[in-house]
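Working through the structure, step by step
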Amino acid sequence: MSKAVVSQLYDSEVFRMACKQFDSAADAINLPDNIRDRTKYPRRCLAVSIPVKRDDGSITIFEGYRVQHNLSTGPAKGGIRFHEHVTLGEVAALSMWMSWKCSLVGLPYGGAKGGVIVNPRELSLRELEHLSRRYMQEMIHFLGPDIDVAAPDVGTNEQIMAWMMDTYSNHVGYLVPAVVTGKPLSVGGSEGRREATGAGVAYLIKHYLIDMKLPIEQATVAIQGFGNVGSEAALALSQYGAKIIAISDYTGGIYNPKGIDLKKALAYLSYAKVLKDFDGGEAISNEALLELPCTVLVPAALERVITEINAPKLKCKLLAEAANGPTTNAADKIIEQRGDIEIIPDVLCNSGGVIVSYFEWLQNRQSYYWSREEVLSKLTGILDKAKASVEYQKRKFKFSRRLAALTLGIARVAEAKESRGLFP
Ligand code: NAD
């Protein structure tokens, strides 16, 4: 008889949301009690203080986390987020979703996530470098190519990955590119990694629109979050012929029913740093963007933006979850009851990022590098297979698409744990 664990450590709205999703999936596949909690709860976490000497000579202590949810199916894998609202509970929830995602698409990884409570825009480049290096230094025995492999997420980028990799390599005394992915090409990054998540999102949208018999050339798309994932998804979708009618960042959004000039938006962003005051359309709030009439809505920023308040007001036909956890469980239920919106759930929708991160890790370990075409064709091969298995599971058990994806991901992790047994 298993006793339910109630986690004090990770307790938060977003962690409870991830746990509830797990519970529904575990119930749906009758996951035995003796394996349930072992599969559900994170394996371990590390919290660190990160002192950074500021440009004015003062010292600020930042708090950083790494949560390794599952190490049963390979080294843990997951991004590092720099954001002022990071909490340990959020990092834990994101690490759970990484486990199900890696398992769903068949990667030999467990799941992890990291984060630092910081607004990176308030740091100078030197301060950001010190923060990134010190985070890696504090985590050094917790990370490694065979232990846990980091990557970029919200607020982190290729340069930060390069600093972290350099810190780790200096510590061991030789170059270890495979300790992080999402690096610049010059230090072992992979062709296609920068665009992988957004390109994967766009590829899945294209194929789901085909299934829905909606021509992509007539599709309109609203994207919340115009960072790495949102902007790459926008570029790939517009190449497929879709019209991007709204984009946003943390300062607000831009709406243009005739279609936004993405090149102009990116050029503006490169010097203004934010979309605010971009003249390519009319200003719109992030909340209003989500409720725009459009064919495809792509949340590509943070968790829990589609709630029970706005779910009844959504006017899209396809909701493509590029962000992790953008839809609350209550909103999910409302959308399911409405029955007029298809969802590509996060663990499938944004899996292109970790798939190409896996390719980068493989290339680093083999010191043998692939062409962009090779990377992208292997990526779409894996996405096709994952989509087909989700659709099969959905049909076979009459599950929602999210439940289909989660049950596949969770079942494989649970099976691995069962096969390995419990070390006494
Ligand atoms: P990013 O930092 O490059 O971009 C985030 C974007 O969201 C920025 O435009 C930012 O201004 C915007 N944003 C932040 N707060 C916002 C708010 N409150 N309202 C509206 N917009 C807001 O991050 P990213 O790497 O593009 O990640 C975006 C999402 O995709 C996250 O949920 C992340 O976990 C997920 N994801 C990223 C990857 C990856 O490879 N980077 C892979 C899988 C999933």
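Description of the structure in this document. For every chain, the first residue of the written sequence is number 1, and numbering continues from 1 onward in sequence order. In keeping with the model being predicted, local features are shown solely for residues with a pLDDT of at least 70 and side-chain atom pairs are shown and tallied solely at 80 or more, while totals for entire chains, interfaces and linings include all residues. As a rule here, side-chain values come from all non-hydrogen atoms in the structure, and water together with hydrogens is ignored.

**With respect to the pattern of salt bridges**
- By salt bridge we mean one thing: a side-chain nitrogen of Lys or Arg within 4 Å of a carboxyl oxygen of Asp or Glu. According to the stated counting rule, one finds 27 salt bridges in the structure shown.
- In this structure, the salt-bridge partner of Glu127 is Arg54, at a minimum N-O distance of 3.1 Å. Placement of Glu127 in helix H4 (residues 125–138) and of Arg54 in the loop between strand S1 (44–53) and strand S2 (59–68) is noted, with a sequence separation of 73 residues between them. With respect to burial, Glu127 and Arg54 carry one shared label: buried.
- Two residues, Arg372 and Glu195, come together in a salt bridge whose shortest N-O distance is 2.7 Å. Here Arg372 is found in helix H13 (residues 372–397), whereas its partner Glu195 is found in helix H6 (residues 193–211), with 177 residues between them in sequence. Counting from the N terminus, the helices are DSSP H or I runs at least four residues long and the strands are E runs at least two residues long. Think of it in three bands: with a 1.4 Å probe and only protein chains considered, a residue is buried below 20% of the maximum accessible area for its type, exposed above 50%, and partly exposed in between.

**Structural notes on the nonpolar core**
- For the purposes of this section, nonpolar cores are sets of buried Ala, Val, Leu, Ile, Met, Phe, Trp, Tyr and Cys residues that join through side-chain atoms within 4.5 Å. In terms of nonpolar packing, the biggest core is built from 91 residues, with Trp97, Trp100, Ile205, Ile247, Val298 and Ile344 touching the most fellow members.
- The element best represented in this core is helix H3 (residues 88–104), accounting for eleven residues.
- How far each domain reaches was decided by an automatic or database domain assignment. The two domains that each donate at least three residues to this core are domain 1 (13–175) and domain 2 (194–344).
- Any two residues whose heavy atoms approach within 4.5 Å at even a single point are treated as in contact. Once residues within four sequence positions are removed from consideration, Trp100 is found in contact with Phe22, Thr39, His69, Val347, Leu406, Gly409, Ile410 and Val413.
- Membership of the second largest hydrophobic core comes to 27 residues, among which are Phe142, Trp163, Met164 and Tyr168.

**Some thoughts on the site of the ligand**
- For the ligand, the set of nearby residues contains 22 residues, the closest of which are Asp153, Thr197, Asn228, Ala301 and Asn324.
- One nitrogen or oxygen atom from the main chain of Gly155 is found 2.9 Å from an oxygen atom belonging to the ligand.
- A distance of 2.8 Å separates an oxygen atom of the ligand from a polar side-chain atom of Thr197.
- For the accessible areas, the method is Shrake-Rupley and the probe is 1.4 Å, while residue cover comes only from the protein chains on display. Relative to its free-state accessible area of 830 Å², the ligand is covered by the protein chains to the extent of 84%. Neighbouring residues are identified by heavy atoms, a residue being near a molecule or strand if any of them is within 4 Å of it. Think of a polar contact as two N or O atoms within 3.5 Å of one another; within protein, one of them needs to be a possible hydrogen donor and the other a possible acceptor, and neighboring residues in sequence only count if both atoms come from side chains.

**Points about unusual backbone geometry**
- The backbone of Asn30 sits at a positive phi, close to 50 degrees, despite the residue not being glycine.
- Considering the arrangement of structural elements, one finds Asn30 in the loop between helix H1 (13–28) and helix H2 (33–40).
- Exposure remark for Asn30: the relative accessible area of 64% places this residue in the exposed category.
- Even without being a glycine, Ser367 presents a positive backbone phi close to 50 degrees.
- With respect to the element layout, Ser367 can be found in the loop between helix H12 (352–366) and H13.
- On the basis of relative accessibility, which here comes to 59%, the residue Ser367 falls in the exposed class.

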